[in-house]
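Chain residues, written in single-letter form:
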Amino acid sequence: MDPLVRTAELTVVATVSPPGLRIEGVVDADSHRHLREALQSVASVRGDLRLEMSRVEFLDLAGLRLLMTFARARAARHCTVELAGVPPHLLQVITLIGWDATPGLRLGAAHGC
Amino acid sequence: MAADRTGPAAFVHHACLYGSDAEFLAMAVPFVRDGLAAGEPVLAATTPANIELLREALGESAHHLDTAETAYFGRRPVERVSAFLRHHERRARPGRRTRMIAEPVWAGRSARQTAEWKRMESGLNVLLAGLPVWMVCPYDTRVVPNDVAEAALATHPVRLDGERQAPCASYADPAAYAAAVDGPAASCAPPSAACTGPTGDASVLRRLARERAAGAGLTGGRLALAELAAHEAAAYLLAAEGARVTLRAWEEPGAVVYELRRTEREGGRIGRDADVPPFAGYRPPGDAQGAEDGLWLARTLGDSLELRARGPETVLTLRVPGPGDAERL
């Protein structure tokens, strides 16, 4: 399947089973727009989604917020998004801010860093 | 008590300088009792010894008092502000004020930490303004240094002795006070510091920040957090139109230091949005994206973060814990 995003820094691929996205590389101010569009492309999928993040090299705070906003939108549709393979330091940041309680968000098992 | 006259909508910030257990209780017992009687949530964030005194004096009503050992209720100023805001969010009752006894730990602090806590005490008047909170900050004159006791009267508009309120004559405008607090002089980058910029590209700054942190011996999650803290600090500075930032990075015992110096673009003017508001980055991110969210994260992940305006330049100095920080080993 062709990636939804392919830049020098970021690749996002749609996944079918489970439905969702695989995010690889760097998310910063240069790529927020790409990530937002990729999330938008799966926003209408019914049921739960998974974002596979074990190959994320860098994700800034604004990028993390995009994921939280997406989770809340899932909750409004009575479904969830699972963040799988989130690097432990990002789990720490999510918890620090209190975003671990975001409606619609499920935090999957972390990968070692 | 007379502070009731201010109504529930305004933030009320009192200092209580006490020199004995009896003086502490003369303030704390009526403050807590009146609050509980009015159906207001009441928190005592103070020393374990004071919490014990207070519980004994309150008897049965102590069951309704929220308590926190103060050293763990926000270890550093940015965490302290977050702790206050979160406590209020969780405990506030509609139409009622929340009361807090908030006694910071002053003993054993470094000069830099003491300066930062003094600034924060003043900053609370701005950061919590508009919140229906009545906060009393007790200062134990048996243990706090003189300069800290003096600062209490400059950072709180009113002092409370027992139930008697008196305005603090030396109360100072928070922004002016924070700018004037004596702290250690800003450290200069050593000649061996790594340097990049000026640039408007955050990823260039981030790469050097990571490289230096790795060179200092940080690995894994701690390396990633150092990189993220430096990135968010840089992104905050670069958000101003036309801004460019120079990064210098070096090691100190216990810390990796990042100095981020913002200048205007050559031949251009930096936007007016470049002004850094006093007490920027002390409030945790809310539901909507805020301009200071990243600065809050950098403050929270770092050991210290100082912002200074030097003429047309803004200098941000961020210290992240080094590999020998045993709290995080």
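Residues numbered from 1 in each chain as written. Chains lettered and ligands numbered in written order. Predicted model: local features only at pLDDT ≥ 70, side-chain atom pairs only at ≥ 80, totals over all residues.

Under an unreviewed UniProt entry, the name given to chain B is MEDS domain-containing protein, and the organism recorded is Streptomyces klenkii.

Undergrad: Would you take a moment to explain the overall build of chain A for this structure?
TA: Looking only at helices and strands, chain A features 3 helices and 6 strands. Secondary structure of chain A in N-to-C order comes out as β-β-β-α-β-α-β-α-β. Buried residues in chain A amount to 40% of all 113 residues. The long-range fraction of contacts in chain A, counting pairs at least 24 apart against all pairs at least 6 apart in sequence, stands at 67%. (Helix = DSSP H or I, 4+ residues; strand = E, 2+ residues; numbered from the N terminus. Buried ≥ 20, exposed ≤ 12 C-beta atoms within 10 Å, placed from the backbone. Contact = placed C-beta atoms within 7 Å.)

Undergrad: Could you clarify how one ought to interpret the sheet that holds strand 2 (residues 10–15) of chain A in this entry?
TA: Two orientations exist for strands paired in a sheet by backbone hydrogen bonds: parallel and antiparallel. Residue and element names in this part refer to chain A. Read from one edge to the other, the open sheet built from 6 strands follows the order 1-2-3-4-5-6, with strand pairing classed as mixed. Edge positions in the sheet fall to strand 1 (5–6) and strand 6 (105–107), since each has one partner strand and no second. Note that strand 1 and strand 2 share 2 bridges and pair antiparallel. Residue arginine 6 lies in a different strand from strand 2, and its bridge partner there is threonine 11. Its contacts with the sheet place helix 1 (residues 32–41) against strand 1, strand 2 and strand 3 (20–27), and it is angled at close to 5° to strand 2. (Pairing = 2+ DSSP bridges. Axes fitted to C-alpha atoms, helices over the stretch in contact; angles between N-to-C directions.)

Undergrad: It is not clear to me how the environment of aspartate 161 of chain B should be interpreted in this structure. Could you clarify?
TA: Here aspartate 161 of chain B lies in strand 6 (residues 158–161). Using a count of 15 C-beta atoms within 10 Å as the deciding quantity, one classes aspartate 161 of chain B as partly exposed.

Undergrad: How do you make sense of the UniProt feature "domain: MEDS" (unreviewed entry) in chain B when you look at a structure like this?
TA: Per the UniProt annotation, the sites labelled "domain: MEDS" (unreviewed entry) are residues 13–157 of chain B. The straight-line gap between the two end C-alpha atoms of residues 13–157 of chain B is 7 Å; of that span, 48% is helix and 19% is strand. (UniProt positions renumbered as here; feature names shortened; annotations may be inferred.)

Undergrad: Just checking my understanding: could you explain the domain arrangement of chain B for this structure?
TA: Accessible area lost on assembly of the parts is the figure often given for the size of an interface. All names here are of chain B. By the assigned domains, chain B splits into domain 1 (2–180) and domain 2 (194–328). In this structure, domain 1 and domain 2 have C-alpha centres spaced 31 Å apart. Across the contact, 13 residues belong to domain 1 and 9 residues belong to domain 2. Of all the secondary-structure elements, those providing two or more residues to the side of domain 1 that touches domain 2 are helix 3 (77–91), helix 4 (111–127) and helix 6 (174–180). Class assignment of the residues belonging to the side of domain 1 that touches domain 2 gives a composition of 8 nonpolar, 2 polar and 3 charged. (Domains from an automatic or database assignment. Nonpolar A, V, L, I, M, F, W, Y, C, P; charged D, E, K, R; others polar.)

Undergrad: What exactly am I supposed to notice about the nonpolar core here?
TA: A general tendency of soluble globular proteins is for nonpolar side chains to be buried together. Residue and element names in this part refer to chain B. Counting residues in each nonpolar core, the largest one holds 115 residues, and the members touching the most others are Ala226, Ala229, Ala233, Ala234 and Tyr258. Residue contributions to this core peak at 13 residues, all from helix 8 (residues 220–238). Sequence-distant contacts of alanine 226, defined by excluding residues within four places in its chain, comprise Ala209, Ala213, Leu218, Val256 and Val320. (Core = buried A, V, L, I, M, F, W, Y, C linked by C-beta atoms within 7 Å.)

Undergrad: Mind showing me how you'd approach the sheet that holds strand 5 (residues 133–140) of chain B here?
TA: Residue and element names in this part refer to chain B. Spatially, 7 strands are ordered 3-2-4-5-1-6-7 in an open sheet, and the strand pairing comes out mixed. The open sheet terminates on both sides in strands that have one partner only, identified here as strand 3 (66–69) and strand 7 (164–167). When the angles between neighbouring strand axes are averaged without regard to direction, this sheet yields 20°. In this sheet, strand 7 lies alongside strand 6 in antiparallel orientation, the contact comprising 4 bridges. Looking at strand 7, one finds that leucine 160 is bridged to glutamine 165. Where helix 3 meets the sheet, its contacts fall on strand 2 (42–46), strand 3, strand 4 (98–102) and strand 5, and the angle it forms with strand 4 comes to roughly 150°.

Undergrad: I'm lost on unusual backbone geometry in this one. Help?
TA: Residues other than glycine predominantly adopt negative phi, and peptide bonds predominantly adopt the trans conformation. Omega for the peptide link from serine 17 of chain A to proline 18 of chain A comes to 0°, which places this bond in the cis form. The residue proline 18 of chain A is located in the loop between strand 2 and strand 3 in this model. Note the cis peptide between glycine 197 of chain B and proline 198 of chain B, where omega equals 5°. Relative to the assigned elements, proline 198 of chain B resides in strand 8 (residues 194–199).

Undergrad: It is not clear to me how the confidence of the model for chain B should be interpreted in this structure. Could you clarify?
TA: Caution applies to low-pLDDT parts of the model: their predicted coordinates are not meant to be read in detail. Averaged over chain B, the pLDDT score is 93; the fraction of residues at 70 or greater is 94%. Two summary scores accompany this predicted model of the complex, namely pTM at 0.93 and ipTM at 0.95. (pLDDT = per-residue confidence, 0-100.)

Undergrad: How do you make sense of the interface of chain A and chain B when you look at a structure like this?
TA: Listed per partner, the contact involves 12 residues of chain A and 16 residues of chain B. For the side of chain A that touches chain B, the secondary-structure elements that each account for two or more residues are helix 2 (61–76) and helix 3 (88–97) of chain A. For the side of chain A that touches chain B, the element with the most residues is helix 3 of chain A, which contributes 4 residues. The residue makeup of the side of chain A that touches chain B, split by class, is 8 nonpolar, 1 polar and 3 charged.

Undergrad: Quick question: what am I supposed to make of the packing of helix 7 (residues 202–215) of chain B against helix 8 of chain B here?
TA: The angle between the axes and the distance between the axes are what describe a pair of packed helices. All names here are of chain B. Interaxial distance between helix 7 and helix 8 falls to 9 Å at its minimum, and their mutual angle equals 150°. It follows that helix 7 is roughly antiparallel to helix 8 by the angle criterion. For the element pair helix 7 and helix 8, the recorded crossing hand is right-handed. Two secondary-structure elements touch here, helix 7 through Ala202, Leu205, Arg206, Ala209, Arg210, Ala213 and Ala214 and helix 8 through Leu223, Ala226, Glu227, Ala230, His231, Ala234, Ala235 and Leu238. (Parallel < 35°, antiparallel > 145°, perpendicular 65-115°, else oblique. Left-handed = near helix turned anticlockwise from the far one by under 90°.)

Undergrad: What exactly am I supposed to notice about the pairing of strand 2 of chain B here?
TA: Along a regular strand, successive side chains alternate from one face of the sheet to the other. Residues and elements named next belong to chain B. For strand 2, the buried fraction is high: 5 of the 5 residues fall into the buried class. A two-sided burial pattern is seen for strand 2, the buried positions comprising Val42, Ala44 and Thr46 on one face and Leu43 and Ala45 on the other. Pairing between strand 2 and strand 4: 4 bridges, direction parallel. Among the inter-strand pairings, leucine 43 is bridged to a residue of strand 4, identified as methionine 100. Pairing analysis gives 4 bridges linking strand 2 to strand 3, with the strands arranged parallel. In the sheet register, leucine 43 faces strand 3, and the bridge partner there is aspartate 66. With helix 2 (residues 48–58) bridging strand 2 and its parallel neighbour strand 3, the resulting β-α-β unit is right-handed. (Right-handed = clockwise from strand over helix to strand, strands pointing away.)

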